[in-house]
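Understanding the architecture of this molecule
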Amino acid sequence: MIKIAQGAEAVIYKDNNKIIKERLSKAYRLKEIDESLRKFRTRREAKILGRLEEVNFPAPHLQSFCDKRMEIVMDFVAGNKLRDVIEEGDAYQKFAKQIGERVGVLHQKDIIHGDLTTSNMIVSDSGLKLIDFGLSSFSDRVEDKAVDLFLLDRALESKHYEIYPAVFDNVLESYKETYREGAELVLKRFEQVRMRGRNKIK
Ligand SMILES: Nc1ncnc2c1ncn2[C@@H]1O[C@H](COP(=O)(O)OP(=O)(O)O)[C@@H](O)[C@H]1O
Ligand SMILES: [Mg+2]
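Residues numbered from 1 in each chain as written. Chains lettered and ligands numbered in written order. Predicted model: local features only at pLDDT ≥ 70, side-chain atom pairs only at ≥ 80, totals over all residues. Heavy atoms only, no water.

1. Digging into unusual backbone geometry
Following Tyr164, the chain continues to Pro165 via a peptide bond in cis, the omega torsion being 10°. Within the fold, Pro165 resides in the loop between helix 4 (142–159) and helix 5 (166–179). Positive phi outside glycine occurs at Asn56, with the angle close to 60°. With respect to the helices and strands, Asn56 occurs in the loop between helix 1 (31–54) and strand 4 (62–66). Backbone geometry at Arg180 places phi at a positive 55°, although glycine is not the residue there. Mapped onto the elements, Arg180 comes out in the loop between helix 5 and helix 6 (181–201). Residue Arg180 is classed as exposed on the basis of its relative accessible area of 56%. (Helix = DSSP H or I, 4+ residues; strand = E, 2+ residues; numbered from the N terminus. Buried < 20%, exposed > 50% of the residue type's maximum accessible area, 1.4 Å probe, protein only.)

This is how it looks when you write it as structure tokens:
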């Protein structure tokens, strides 16, 4: 078993074809709050992965979870992070299309990813897979979906400014094609969220 990543919230181990994601306790949180928060997030991430599997969404297969050890065991997804692939290649419009499709399907199923960045997307042999559902939730609210898109927009601009906004325009194109009628209200709201963002920065 080797440690392959350490984020603010979790440590990730790889054991053959398994990934173990263990949520860390935070000393700055009250012990009781810390435990219930980690328990809640561990359960929720497992629940979302289970739901994604039911609808055949390209995300890691959930093997097991334990809300005492605060860990999730899932399949290892082989491939490179989209973040690195985009930096090296010029096929980014192909990926833009896939991002839009993936997010369109999630929102159609009333699932909010919560952390849509190109570091949470893996280019696998069978196409783009999404990972890191630690901040995900179930919601049919237009606002939640619009904010999900807004975070993606921000992530693309800050990490991939050379190809922005062309890449994001294509993401939205395929999002619309996938999510169809549902996309209209979300995109309208997205424009408002964007305006709010601008006003804040000023
Ligand atoms: N199922 C998986 N398959 C392959 N790599 C993974 C998987 N889950 C996590 N990773 C790797 O570990 C990193 C951190 O995991 P992630 O779930 O994104 O946690 P964090 O909340 O710390 O960002 C990812 O960016 C990815 O490199
Ligand atoms: Mg992540």
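2. Observations regarding the domain arrangement of the chain
Assigned domains of the chain: these are domain 1 (2–75) and domain 2 (80–201). Summarising the inter-unit geometry, the C-alpha centres of domain 1 and domain 2 are found 22 Å apart. Contact residues are listed per partner, giving 15 residues for domain 1 and 16 residues for domain 2. For the pair domain 1 and domain 2, the interface holds one salt bridge. Lys21 serves as the salt-bridge partner of Asp132, at 2.9 Å between the closest nitrogen and oxygen. The interface formed by domain 1 and domain 2 includes four residue pairs in polar contact (both at pLDDT 80 or more). Contributions of two or more residues to the side of domain 1 that touches domain 2 are made by strand 3 (18–23) and helix 1. With eight residues, the top contributor of residues to the side of domain 1 that touches domain 2 is helix 1. (Domains from an automatic or database assignment. Contact = heavy atoms within 4.5 Å. Salt bridge = Lys/Arg side-chain N within 4 Å of Asp/Glu carboxyl O. Polar contact = N/O pair within 3.5 Å; in protein donor to acceptor, adjacent residues only side chain to side chain.)

3. As for the pairing of strand 8 (residues 121–124)
The sheet contact formed by strand 6 (residues 80–81) and strand 8 spans two bridges and is antiparallel. Residue pairing for strand 8: Asn80 is matched across the bridge by Val123. Pairing analysis gives four bridges linking strand 8 to strand 9 (residues 127–130), with the strands arranged antiparallel. The residue of strand 9 that forms the bridge with Val123 is Leu128. (Pairing = 2+ DSSP bridges.)

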